[in-house]
Structure formats: C-alpha cells, structure tokens
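# An overview of the molecular structure
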Amino acid sequence: MQPAKWFLIIFLLYFIGFFTHALYLKKTVYGDGIFYYSWVRSIVVDHNIDFRNEYEHFGVNQIQTSTGLVGNKHSIGPALLWLAPFWWTHQIVRGNGYELPYQLATGATSLLLVLFGLVILYGSLHKWFEQLTSLLTTLAIAGATNLLFYGSIDTVNSHGVSFFVSTLFLAFLLSRQASWAGLALGFLGAIRHQDLILGIIALGLLQKKEWVRFFAGSFIGFLPQLIAWQFLYGSFWGIPYFTGEGFNLLHPHLLEILFSTKYGLFVYSPVIVLSFIGLFFWKHRLRWPCFLALLLELLLIASWSTWWQGASYGIRMFVGSLPMAAVGIAALFGIVTGGVLYMFSDSLTDTKHAKDWIWNSIGGIVLAAFSYLLLYTISPDLVQGFDIQ
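Now for a quick tour of the structure. Note that the structure is a prediction, hence the values are computed from the model and not measured. (Residues numbered from 1 in each chain as written. Predicted model: local features only at pLDDT ≥ 70, side-chain atom pairs only at ≥ 80, totals over all residues. Heavy atoms only, no water.)

## A word on the overall build of the protein chain
Scanning the protein chain for helices and strands turns up 16 helices and zero strands. For the protein chain, with 389 residues in total, the buried portion stands at 55%. Across the protein chain, every contact between residues at least 6 apart in sequence was considered, and the portion connecting residues at least 24 apart equals 73%. Carbon and sulfur atoms form 67% of the exposed surface of the protein chain, whose accessible area is close to 17300 Å². (Helix = DSSP H or I, 4+ residues; strand = E, 2+ residues; numbered from the N terminus. Buried < 20%, exposed > 50% of the residue type's maximum accessible area, 1.4 Å probe, protein only. Contact = heavy atoms within 4.5 Å. Areas by Shrake-Rupley, 256 points an atom, 1.4 Å probe, with all protein chains shown as cover.)

Written out as structure tokens, the structure reads:
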C-alpha cells in the first residue's frame, strides 16, 4: 500500500479522535493546558502577560513574582506556535478568548503539527531505511505510543508540539544544517526544557567546525523563553520549575517510570522497548548518541520530584523523544522485514511482491489495533465487550 494512503488513515483517525473528544467535553483546555493556553490568550486578547483573569476564569492559582505579576512556570514555546491561528480566530470571532472556537483552533493547530511531524519523521527515517521499514515505524509511533493520546486527545499541551519540533531537529540534523538543527533544539527547549538533552545526538553527526553555528542556533531558539522569564520573573535565568521542585539524580524512579501499571512507559507504549533493542544492534555511528540521549532523558524524568507527572497517560515527558526512539524501532524493523523479504524472495516473483505480501498480512491487524486503541482512549465504554484478540 502507498504511504499516502496510510497517512490519510492516520490523519482521519486523529481528526476523529480530536473532534469527538473536544465536542463531547465542549472544551480542549484543562489541566496543564490552562497555563500554556494562558500565554497565548493573554498575549493576543489582553496584549500583556498578566494571567490573573485567565487563572480566575479557569479556577487556578499561582504565586506572585518579584515583578508583581502572577507566575507561570509552564513554557512559552507552545503559545508561540499557536499564536497565528489564535490571532486569526480572534479576528473572526471577536470574543473574549475563552469560547470553544478559540480552544478548537488551538487544539487543532497542535493536531496538525503532530501530523506534519509524522510526515517529517517518515521522510527522515526513509533516508536510512527502506520505505516499508520507515512507514511501519511511523505507524507504530502514531498508533502504539502515547502520542496517540497527546496528538489527538489532549492537544492543548506541550507534548504534541514538542514531538513536532523534535522531528524538525532530527530532520535538520540529518541534513547537516547545523544552524537550523540548533535553532530547532533551542526552541524544543523552550517547549520542554529537559528535551535540550537530545542535543547529545548531534555528537554523532556534526563536525567540530559546525558546533559554533549549532550552539548559536540553540541560543536563538531558546531566547524567547529567556525573555519570557525576564518579563515575568525579573531574571533571564529565573527558572520557576526549581521553586519547590527539583531533581534527585541519586535516587531516580527508573523502575516506576518504565514498568508502573499506572504510569509506566513500557506499559503504555511497549513498542519503545523495541527501540533500545534496535539501537543495540544498529551498526551506525548514531547508535550510541541516540542510546545515550534516550537513557539520559529517562534518567532526568525519573529523577524529577514529580516523576509521575500528574494525570499522565504513560510517561508524557518522553513524547518529545519519540522521534529518536523511532530510529531504534526502525533499525529493528529493518532487520526483521529484511529477513522476511529474504525468506520469501525465492517463492514469490520478486521483492516487490514480497513487500505486498507483508502489507496484506499486517495491514488489517495494524488498522484494527489502531482503531481499537483510539476508541479505547476516547472512552473504554466504546469497546466494552469487544476482545481485540
């Protein structure tokens, strides 16, 4: 089957999931999304960063900062990506910024960015792996990880957009565009600060003469967050996350974040296990930088004081690392599909027919599982009494 058809199926399922959930709840802004949304609403509607009215509307509180403003520890990065669609919605609706059209526009923007990120991820993988392997890996990331939830259900948050920017970082890095890769990494940090650790992957590709451009781009990409901290907290380095929270690197909760039945990454996204297996066997100079980046990301998450991340569907802080995890998954899938193609190359006419045979065998299973997971994510009642086995 052609990749375009599979992407169309993914797009339709994500859109159905998003609008079904949003229209049922009659909102897309809740939880941590309130704080990310407050940035864009305050900038566009109120032309300031005084969040008192936003917090009053949503029924939340934050402490007052030294500047006299109320704080917002959540990053400004997502709001910058939502800014243009939110502004256009405001020009049409002319409301107060809380109505459903504003929330739908914001959530739909994240949804589109996630879908665009999947296309970029497929293109990046296809530079290294066969079309079959690249597409199968992209389908696995889209339908067998918690990106399904944060890319189609809980979209007014930082996780979907962090996935998109992470795919840009990987694509620029593979194209050896050091400045753009650095810019993407810096902006990724302005969305999820801990994702800056993914810059380690650049060690496997960039030459020393490219590091200056890479670091300069990273600084420019992260600059909006520094400016936001300056205006809100009175200091460029006033990182609000370290107020009452922090890391305990000596006592990380690694087993919990991986295997907990309530939060575990391998429980909610078991396909990630394949990434570490694939990276171990992948004969490429990026193997160990990718492996190290993923391990350090997990260590940071496990060491955080609120490692369980509240009402998290799986370990949501790992979503920005999924494009890097996809490399390992693709490496393993490449070994497996290569072996299958080799076994059937004698009995089938040629390699193309072998690939068609594989797709006909797994296509229905993938689509059925994808649909089941989407319905279960929206509401378990929708699949009550149905056994996917």
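Next comes the rest of the description.
## With respect to the pattern of salt bridges
What the rule picks out here adds up to six salt bridges. Between arginine 41 and aspartate 46 there is a salt bridge; the shortest N-O distance is 2.5 Å. Among the residues examined, arginine 41 registers a relative accessible area of 5% and is labelled buried. Owing to a relative accessible area of 24%, aspartate 46 belongs among the partly exposed residues under this scheme. Through salt bridges that share partners, Arg41, Asp46 and Glu54 make up one connected network. (Salt bridge = Lys/Arg side-chain N within 4 Å of Asp/Glu carboxyl O.)

## Section: helix α9 (residues 178–189)
Compared with an ideal rise of 1.5 Å per residue, which puts twelve residues at 16 Å, α9 spans 16 Å between its outermost C-alpha atoms and is within 8% of the ideal. Across the twelve residues that make up α9, a large majority, nine, are buried. Within the span of α9, buried status applies to Ala178, Ala181, Gly182, Ala184, Leu185, Gly186, Phe187, Leu188 and Gly189. (Expected span 1.5 Å × (residues − 1).)

## Quick notes on helix α4 (residues 77–93)
Here α4 contains 17 residues, and its C-alpha end-to-end distance of 24 Å stays within 8% of the 24 Å for a straight helix at 1.5 Å per residue. Of the residues making up α4, those classed as buried are Gly77, Pro78, Ala79, Trp82, Phe86, Thr89 and His90. Those residues of α4 that are buried lie in contact with α2 (33–46), α5 (100–126), α8 (159–174) and α9. Looking at the residues trailing α4, positive phi occurs at arginine 94, about 55 degrees.

## Regarding the packing of aromatic side chains
Summed over the entire model, instances satisfying the criterion amount to 32 aromatic pairs. Aromatic side chains phenylalanine 280 and phenylalanine 281 sit 5.2 Å apart centroid to centroid with 90 degrees between the ring planes, which places their arrangement in the edge-to-face category. With a relative accessible area of 48%, phenylalanine 280 lands in the partly exposed category. Linked through ring pairs, Tyr37, Phe58, Phe86, Tyr98 and Tyr102 together constitute an aromatic cluster. (Phe/Tyr/Trp six-rings, centres within 6.5 Å; stacked < 30°, edge-to-face > 60°.)

## Quick look at a nonpolar patch on the surface
On the surface, Val273, Ile277, Phe280, Phe281, Trp288, Ile335 and Val336 cluster together to form a nonpolar patch covering roughly 660 Å² of accessible area. Those elements that place two or more of their residues in the nonpolar patch are α13 (272–281) and α15 (322–344). A total of four residues in the nonpolar patch trace back to one element, the largest contributor, which is α13. The residue isoleucine 277 is located in helix α13 in this model. (Patch = residues over 30% accessible without salt bridge, like charges linked within 9 Å, V, L, I, M, F, W, Y side chains within 5 Å.)

## With respect to the layout of surface pockets
Quantified by volume, the largest pocket comes out at close to 630 Å³. Lining the largest pocket are 31 residues, with Arg192, Gln194, Tyr241, Trp304 and Met317 sitting closest to its centre. Per-element accounting of the lining of the largest pocket gives the leading share, three residues, to helix α10 (residues 211–233). The residue makeup of the lining of the largest pocket, split by class, is 17 nonpolar, nine polar and five charged. (1 Å grid on protein atoms, 1.4 Å probe; cavity = no way out; pocket = protein on both sides within 12 Å on 5 of 7 lines; lining within 4 Å. Points joined across faces, edges and corners; volume = space filled by probe spheres on them. Nonpolar A, V, L, I, M, F, W, Y, C, P; charged D, E, K, R; others polar.)

## Observations concerning the packing of α5 against α8
Working note: a packed helix pair is described by the angle between its axes plus the distance between those axes. The N-to-C vectors of α5 and α8 enclose an angle of 25 degrees; their axes lie 8 Å apart at closest approach. In terms of axis orientation, α5 runs roughly parallel to α8. Considering how the two elements wind past one another, α5 and α8 form a crossing that is left-handed. Across from Ser110, Leu113, Val114, Phe116, Gly117, Leu118, Ile120, Leu121 and Ser124 in α5, the residues of α8 making contact are Gly160, Val161, Phe163, Phe164, Thr167, Leu168, Leu170, Ala171 and Leu174. (Axes fitted to C-alpha atoms, helices over the stretch in contact; angles between N-to-C directions. Parallel < 35°, antiparallel > 145°, perpendicular 65-115°, else oblique. Left-handed = near helix turned anticlockwise from the far one by under 90°.)

## Considerations on the packing of α9 against α10
Where α9 contacts α10, the two axes come as close as 6 Å, and the packing angle between them is 35 degrees. For the element pair α9 and α10, the recorded crossing hand is right-handed. Each of Ala178, Ser179, Ala181, Gly182, Leu183, Leu185, Gly186, Phe187 and Gly189 in α9 lies in contact with α10, whose residues at this interface are Arg213, Phe214, Gly217, Ser218, Ile220, Gly221 and Phe222.

Taken by themselves, the reported measurements are silent on function.
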